[in-house]
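Descriptive analysis of the structure
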Protein chains: 2
Amino acid sequence: MGNKVTIALDAFGGDNAPLEIVKGAAEYAGTDPGSHIILVGKKDVLNDILKENDIGLSNLSVYNADDVIETTEHPVKAIRAKKDSSMVKALELVKHGEADAMLSAGNSGALLVGAQTIVGRIRGVDRACLAPIVPTLKGPAVIVDGGANVDARAEWLRQWAIMGSVYMEKMFSINSPAVGIINIGAEEEKGNKLVQDTFALLKEEKDLNFIGSVEARDIPESQADVMVCDAFVGNVVLKMYEGVAKTLVSEIKKAIMSGTASKIGGMLIKKSLKGVLSTYNPAKYGGATLLGTKSPVVKGHGNSEAEQIKIALEHTATTVRKNIVANIAENIDIAE
Amino acid sequence: MGNKVTIALDAFGGDNAPLEIVKGAAEYAGTDPGSHIILVGKKDVLNDILKENDIGLSNLSVYNADDVIETTEHPVKAIRAKKDSSMVKALELVKHGEADAMLSAGNSGALLVGAQTIVGRIRGVDRACLAPIVPTLKGPAVIVDGGANVDARAEWLRQWAIMGSVYMEKMFSINSPAVGIINIGAEEEKGNKLVQDTFALLKEEKDLNFIGSVEARDIPESQADVMVCDAFVGNVVLKMYEGVAKTLVSEIKKAIMSGTASKIGGMLIKKSLKGVLSTYNPAKYGGATLLGTKSPVVKGHGNSEAEQIKIALEHTATTVRKNIVANIAENIDIAE
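Here's what I pulled together on the structure shown here. (Residues numbered from 1 in each chain as written. Chains lettered and ligands numbered in written order. Predicted model: local features only at pLDDT ≥ 70, side-chain atom pairs only at ≥ 80, totals over all residues. Heavy atoms only, no water.)

A few points about helix α9 (residues 260-279) of chain B
Definition in use: Counting from the N terminus, the helices are the DSSP runs of H or I reaching at least four residues and the strands are the DSSP runs of E reaching at least two. To estimate how far a helix should reach, multiply one less than its number of residues by 1.5 Å. A contact between two residues is defined here by any heavy atoms of the two lying within 4.5 Å.
For α9 of chain B, which comprises 20 residues, the first-to-last C-alpha distance of 28 Å matches the rise-based estimate of 28 Å (1.5 Å per residue) to within 8%. On its buried face, α9 of chain B sits against α8 (231-256) and α9 (260-279) of chain A together with α8 (231-256) of chain B.

Some words on the pairing of strand β6 (residues 133-136) of chain A
Each regular strand shows side chains that alternate between the opposite faces of the sheet. Just so we agree on the cut-off: Buried means the residue's accessible area, taken with a 1.4 Å probe over protein chains only, is under 20% of the maximum for its type, while exposed means over 50%, and partly exposed covers the values in between. By the convention used here, strands pair only if DSSP detects at least 2 bridges between them.
Judged by which residues are buried, β6 of chain A turns out to be covered on both faces: Ile133 and Pro135 of chain A on one side and Val134 and Thr136 of chain A on the other are all buried. Where β6 of chain A hands over to strand β7 (residues 139-144) of chain A, the hairpin turn is made up of two residues, counted between the paired strands.

Re the pattern of salt bridges
What counts here: A carboxyl oxygen of Asp or Glu within 4 Å of a side-chain nitrogen of Lys or Arg is what we treat as a salt bridge.
Inspection of the entire model under this criterion finds 24 salt bridges over all chains. Between Arg217 of chain A and Glu242 of chain B there is a salt bridge, and its shortest N-O distance comes to 2.8 Å. With Arg217 of chain A in the loop between β9 (209-215) and β10 (226-228) and Glu242 of chain B in helix α8, this residue pair bridges two chains. Of the residues examined, Arg217 of chain A reaches a relative accessible area of 29% and is grouped as partly exposed. For Glu242 of chain B, a relative accessible area of 33% puts it in the partly exposed group. Overlapping salt bridges bring together Glu155, Arg158, Glu205 and Asp333 of chain A as one network.

A look at the interface of chain A and chain B
Note the following rule: Buried area is understood as the total, over both parts, of accessible area removed when two parts are fitted together, assessed with a 1.4 Å probe. As used in this structure description, the phrase polar contact means that two N or O atoms lie within 3.5 Å; if the pair is within protein, one of them must be able to donate a hydrogen and the other to accept it, and residues adjacent in sequence are counted only when both atoms belong to side chains. Three categories are distinguished: nonpolar for Ala, Val, Leu, Ile, Met, Phe, Trp, Tyr, Cys and Pro, charged for Asp, Glu, Lys and Arg, and polar for the others, with Gly belonging to the last.
If you look at the interface, chain A gives 48 residues, while chain B gives 48 residues. Of all residues in chain A, Arg217, Phe232 and Met240 of chain A bury the most surface against chain B, accounting for 15% of the area lost on that side. At the junction of chain A with chain B, the criterion picks out four salt bridges. If you look at where chain A meets chain B, you find six residue pairs in polar contact (both at pLDDT 80 or more). Listing elements by their share of the side of chain A that touches chain B, those giving two or more residues are β8 (178-183), α7 (193-203), α8 and α9 of chain A. It is α8 of chain A that contributes the most residues to the side of chain A that touches chain B, 20 residues altogether. Residue classes in the side of chain A that touches chain B are distributed as 28 nonpolar, eleven polar and nine charged.

Topic: unusual backbone geometry
In this structure, Asp145 of chain A follows Val144 of chain A across a cis peptide bond, with omega equal to 10°. Along the polypeptide, Asp145 of chain A turns up in the loop between β7 and α6 (154-172). Note the cis peptide between Ala17 of chain B and Pro18 of chain B, where omega equals 0°. Positive phi, close to 50°, is recorded for Ser176 of chain A, a residue that is not glycine. Within the secondary structure, Ser176 of chain A sits in the loop between α6 and β8. What makes Ser176 of chain A partly exposed here is its relative accessible area of 39%. Phi is positive for Asn323 of chain B, which is not a glycine, with a value near 55°. Summarising the element assignment, Asn323 of chain B is placed in the loop between α10 (306-321) and α11 (324-331).

Some words on the sheet that holds strand β6 (residues 133-136) of chain B
Residues and elements named next belong to chain B. Selection criterion: Lines fitted to the C-alpha atoms define the axes, with helices restricted to the stretch that makes contact. Angles between their N-to-C directions range from 0 to 180 degrees.
In space, the five strands of this open sheet follow the order β6-β7-β10-β8-β9, with mixed pairing throughout. For this open sheet the edge positions go to β6 and β9 (209-215), each flanked by a neighbour on one side alone. Across the sheet, the mean angle separating the axes of adjacent strands is 30° when strand polarity is ignored. Pairing analysis gives three bridges linking strand β7 (residues 139-144) to strand β10 (residues 226-228), with the strands arranged parallel. Across the sheet, residue Ile143 finds its bridge partner in β10, namely Met227. Sheet contacts for α8: β6, β7 and β8 (178-183); angle to β6, the most-contacted strand, approximately 50°.

Following this line, the structure appears as structure tokens:
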């Protein structure tokens, strides 16, 4: 399983917290004896859940936090005001070196703010970016920024490109990952000002395998392992992926159920169809890593159940074991 | 068919020009005796095509233009330099009142520039926007701006919202169309600066049926008839629609062909599947109208064949007959 990893888990973050979070933690801890999961949250509640579910793993511990940041709270205000929340306490465990990484399925905005203000950024990184993985025909690709900075600068996008490249190289063993910028046309002069400015910066990066523009139409079949954009565009891309696929599949299912012949046909293709849909299910990559912080901070899906928490914990542990942070620090140039 | 409409058609614009353009014009002119289509381009070439294809319609005429703007040319430079091009000549026919509207499947950037500089903008409109129709579960919806202005201001988006609303009301007989802003979350404080500023302006528009944010995930099932965004985001949305649907369908087809049982299943669902896919085919709406110009200018798909040109001509004629321009002029407030 690899070397020892300690993960601080926000046990009260997410729609299904704390029960599903605890269950997922127990499932993961059971399969990875090299890990130690610290459940952060209301001690009594957590201990009751452990007892009721007969969970008694030596590599699973509880760390008390009396408060909870709700998903509807204002990110900056919540992080400032709720010092005793499970999210803030978990981030502080990382800050003080008592955990190697942190995972939360709670308030995304608060996590982004908390990670950067409490754990802090790697020297030379202006803004941390969220790095969700999307499935493409070629395999997994990362979108940077997939959710943190909606109003961005070209220099930030340049740094995200470098961090994304390191991430894909280490996490998925991709040699010299192809980096593309999400654009509205293939030609260099296409795009808004941000994209044009970033394009010029990326062209100068000799250590990056920059392949130019990736048109949104080509993202599902893209040759790029790293797709660079601001977080507004990144979010639109991620959500369109999800939305169009979901609607199309539900329409196809409806069409299949509309007649006897097509119903039989539907039964015959069911298995093949399932295979395709699972390939296109982003959930299988378990959580998005925040790139640029001094220790890994991972955002789990808000609606995570035990299975997704288990996958996200595995992902978080891999991020630590692959030394993503040290590798980013080595590759980011420090402005003088 | 409605009252008399004269359309200037750029017969040398598009990948399949001039042959498919002329054929499409002939097909349309034959079905709409109330229309008059002016084929603009090299006179001799066009007359030869008409002769070779035995086209002798009284409502189809030829207007000479010796030059052609290629799709790879720089938009502003091309419009300035090529005064004798089929695109510029067709726009000038509209400017001088010899045609009611113009259609081109040629260089999109040049058409956007040419339409605004030659035909000109309606008083009070800061920037014209492109208004492509996308299919949703509810029916057709328009994206404004779907392709013209990648770096935009909130005030422009406000005007596009008004123009989009007029457009959907008149073209599709939708009473008080629902207007949404494409955003990365449902809450008002979500979004980048442009979206937040626009949100505030749209909330104040008492004549608009503003329903707030539309998350990208929900676009295919959106309740909005008009979706407002800058052209970079609009292009990403349009292209993701196309790209995800295309990839998913091709993957499903591959999966169906992978085994004997699923092959038989595939044959049985073929018809139902076709129905779904045609619902999600944006091409059926034929071209995107430029909103905000003094006369309708419509952009056809670059790869249009005769059938698409015919549909786009019908669309262009409807834009004239529904008095879109006069209705926009009435609803746009003039800044003093």
